[in-house]
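Residue strings, one per chain:
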Amino acid sequence: MKDTLWKAADKLRGSMDASQYKDVILGLIFLKYVSDAFDERRGQIRADLEADGWSEEQIGAVIDDVEEYTGAGVFWVGEEARWQFLADHAKGRPAQGDRVAQTIGDLIDGAMDLLMGANPSLKGTLPRIFGKQNVDQRRLGELIDLFNSARFTGQGATKARDLLGEVYEYFLEKFAQAEGKRGGEFYTPASVVRVLVEVLEPDHGRVYDPCCGSGGMFVQAEKFLEAHGKDGSDLAVYGQELNERTWRMAKMNLAIHGIDTSGLGAAWQDTFARDIHPGLEMDFVMANPPFNIKDWSRAEDDKRWVYGVPPKGNANYAWMQHIISKLGPKGSAGVVMANGSMSSNSGGEGQIRANLVEADLVSCLVALPTQLFRSTGIPVCVWFFAKDKSAGKQGAVDRTGQVLFIDARELGHMVDRANRALSDEDIAKIADTYHAWRGTHAPAEYADIPGFCKSATIAEIKDAGYALTPGRFVGAPEVEDDGEPIEQKVERLSKELLAAMDESARLDAVVREQLGRLA
């Protein structure tokens, strides 16, 4: 259904480019979500009061009490912001009395204003672009009809809202694909996010993303909790985002998944110029910072540069040190980085990396396969940090002074000609290896696997010049002995090669003969 809905919505895009259309579509999905949640809550209140024997008049006096909704975590939706009102006026509303005629775009902008006015947490968050001249009002009305006719219901109101959350995510992914390189600024492929989540297992406390994009890390963390039968309230999310439109998307994405958005701050902000969560220690950090950015807000005396001042021309080690500065005493982090970060020595990066290793902050390095990101062809890896690698709640095995290297470059499968994804089994293989190494899930025991994983000591890493490329440590995979003596194998392969060359020469002669007949 998601794909059918996407194709139908894409047909109505007209001349609008993907980045503009994204705001239109995601804004509409958000409106439908909050309206459906409101209707569901309204139905619950009515059912409860009727069960208690309340009269229609008594119910009428209570059912519009705003606190009955906001107290249950549901946004208050004024009458003219409700989806049904907009669906009833999908072709606009004619003038009447003192009221001027309004297009459907005007009505949607008005609905956004009503929502932000009634719900302080949404203030300044929602798009108000629907009445602009470049938005085709006829197509906009058809979009309202499209979402109105889509069958989100049928398995209960809550299930329908979950489906709307999935649609929002699906559309985010599609828009990221459509926008190419810029799509990487707000969307991290789900399989990459899951690697971080399944290794870190964020199941309590504070989760933070200093460059949160559209909030995908937080959504996957909530899904992890749900999959393990835990309550979403066990996690508090904190994030920061530089781009205004992306920050708005993140706010809507969290709200549509029932996640408190207050941790994203009151406005978009540059993490390096102004940290909006100063002094707050995090239990988990998950991040996919923009790779290798050259233009960033850098101050040499910044207290976050404990392990060395990052170079002007590359913020990779600024992101890593900022993230480490936010970790609590038992905190852990996963950061997606360009592969160059594992071995670069330019601008003092090699010394910073050595300092991080000697401080025993690096717990694991994972080299990922290529083509996971549509937005970049740069090979990527994941750095995992841990403030405490001793035996305890974080894991039964003391890994002080050790780093786990995983070379996952051979994992994944092509989903189309240009893009690769990790399967559930691939993600589990990486996560299970880490947890066996750390002793998180007894009784699994860790063992080095040539070509895939290796637990190295800090001394070994020092001998390698503090280069952290997993391939240097895991070595080549073992080749299974087929029992054939080497001399016989060379003789056999030589015969097969000569036979293939003879056949090639014969076919070449046949082709030349046929071509000669055509001349």
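Values in this document were obtained by computation on a predicted structure and should not be read as measured data. (Residues numbered from 1 in each chain as written. Predicted model: local features only at pLDDT ≥ 70, side-chain atom pairs only at ≥ 80, totals over all residues. Heavy atoms only, no water.)

### Some remarks on the side chain of Asp-407
Part 1 of the reasoning: Note that Asp-407 resides in strand 7 (residues 402-407).
Part 2 of the reasoning: Taking the relative accessible area as the measure of exposure, Asp-407 reaches 9% and is therefore buried.
Part 3 of the reasoning: Only 2.7 Å separates the side chain of Asp-407 from the side chain of Arg-409, close enough to count as a polar contact.
Part 4 of the reasoning: Filtering out sequence-adjacent residues up to four positions away, Asp-407 remains in contact with Ala-367, Gly-451, Phe-452, Pro-470, Gly-471 and Val-474. (Helix = DSSP H or I, 4+ residues; strand = E, 2+ residues; numbered from the N terminus. Buried < 20%, exposed > 50% of the residue type's maximum accessible area, 1.4 Å probe, protein only. Polar contact = N/O pair within 3.5 Å; in protein donor to acceptor, adjacent residues only side chain to side chain. Contact = heavy atoms within 4.5 Å.)

### Some details on empty space enclosed by the protein
Part 1 of the reasoning: This structure, assessed with the given rule, holds one cavity of 30 Å³ or more.
Part 2 of the reasoning: Its boundaries defined by the atoms lining it, the largest cavity holds a volume of some 40 Å³.
Part 3 of the reasoning: Lining the largest cavity we find Pro-369, Thr-370, Gln-371, Leu-372, Phe-373, Thr-376, Gly-377, Ile-378, Pro-379 and Val-380.
Part 4 of the reasoning: Partitioning the lining of the largest cavity into residue classes produces six nonpolar, four polar and no charged. (1 Å grid on protein atoms, 1.4 Å probe; cavity = no way out; pocket = protein on both sides within 12 Å on 5 of 7 lines; lining within 4 Å. Points joined across faces, edges and corners; volume = space filled by probe spheres on them. Nonpolar A, V, L, I, M, F, W, Y, C, P; charged D, E, K, R; others polar.)

### Side note on the environment of Asn-253
Part 1 of the reasoning: With respect to the helices and strands, Asn-253 occurs in helix 11 (residues 244-256).
Part 2 of the reasoning: With relative accessibility at 1%, the residue Asn-253 sits in the buried group.
Part 3 of the reasoning: Expressed as a C-alpha distance, the spacing of Asn-253 and Gly-216, which sit 37 residues apart in the sequence, is 8.1 Å.
Part 4 of the reasoning: When residues no more than four places from it in sequence are discounted, the contact partners of Asn-253 are Tyr-168, Leu-172, Ser-214, Gly-215, Gly-216 and Val-219.

### Some details on the pattern of salt bridges
Part 1 of the reasoning: All told, the structure shown has 27 salt bridges when counted by the stated rule.
Part 2 of the reasoning: The shortest N-O distance in the salt bridge between Asp-203 and Lys-230 comes to 3.0 Å. Within this pair, whereas Asp-203 is found in the loop between helix 9 (190-200) and strand 1 (205-209), its partner Lys-230 is found in the loop between helix 10 (216-227) and strand 2 (235-239), the two being separated by 27 residues in sequence.
Part 3 of the reasoning: With a relative accessible area of 23%, Asp-203 lands in the partly exposed category.
Part 4 of the reasoning: Residue Lys-495 is joined to Glu-491 by a salt bridge in which the shortest nitrogen-to-oxygen separation is 3.7 Å. On the criterion of helical spacing, the pair formed by Lys-495 and Glu-491 is a turn pair, its members being four residues apart in helix 17 (residues 486-518).
Part 5 of the reasoning: Since its relative accessible area comes to 54%, Lys-495 is described here as exposed. (Salt bridge = Lys/Arg side-chain N within 4 Å of Asp/Glu carboxyl O.)

### Focus: the packing of aromatic side chains
Part 1 of the reasoning: Under the definition given, this model contains 19 aromatic pairs.
Part 2 of the reasoning: With centroids separated by 4.7 Å and ring planes inclined at 15°, the aromatic side chains of Phe-38 and Tyr-69 adopt a geometry described as stacked. Residue Phe-38 is located in helix 2 (residues 18-51), and its partner Tyr-69 is located in helix 4 (residues 66-70); the two are separated by 31 residues in the primary sequence. Note on accessibility: Phe-38 and Tyr-69 belong to one class, buried. (Phe/Tyr/Trp six-rings, centres within 6.5 Å; stacked < 30°, edge-to-face > 60°.)

### Quick word on the sheet that holds strand 7
Part 1 of the reasoning: Taken together, eight strands build an open sheet; the order of strands is 2-1-3-4-6-5-7-10 and the sheet is mixed. Two strands lie at the open edges of the sheet, namely strand 2 and strand 10 (453-457), each paired on one side alone. Adjacent strand axes in the sheet meet at a mean angle of 15°, parallel and antiparallel pairs treated alike.
Part 2 of the reasoning: Lying on the sheet, helix 9 is in contact with strand 3 (282-287), strand 4 (327-338) and strand 6 (380-386); it crosses strand 4 at an angle near 155°. (Pairing = 2+ DSSP bridges. Axes fitted to C-alpha atoms, helices over the stretch in contact; angles between N-to-C directions.)

### Structural notes on a nonpolar patch on the surface
Part 1 of the reasoning: A cluster of nonpolar side chains, Leu-497, Leu-498 and Met-501, forms an exposed patch at the surface whose accessible area comes to about 310 Å².
Part 2 of the reasoning: Among the secondary structure elements, Leu-498 is positioned in helix 17.
Part 3 of the reasoning: Assessed through its relative accessible area of 51%, Leu-498 is described here as exposed. (Patch = residues over 30% accessible without salt bridge, like charges linked within 9 Å, V, L, I, M, F, W, Y side chains within 5 Å. Areas by Shrake-Rupley, 256 points an atom, 1.4 Å probe, with all protein chains shown as cover.)

### Examining unusual backbone geometry
Part 1 of the reasoning: One non-glycine residue with positive phi stands out, namely Glu-201, at about 50°.
Part 2 of the reasoning: When you line up the elements, Glu-201 lands in the loop between helix 9 and strand 1.

### Focus: the side chain of Asp-360
Part 1 of the reasoning: Looking at the element boundaries, Asp-360 is found in the loop between helix 13 (349-358) and strand 5 (362-367).
Part 2 of the reasoning: When residues no more than four places from it in sequence are discounted, the contact partners of Asp-360 are Ala-386, Lys-389, Thr-400, Gly-401, Gln-402 and Ile-458.

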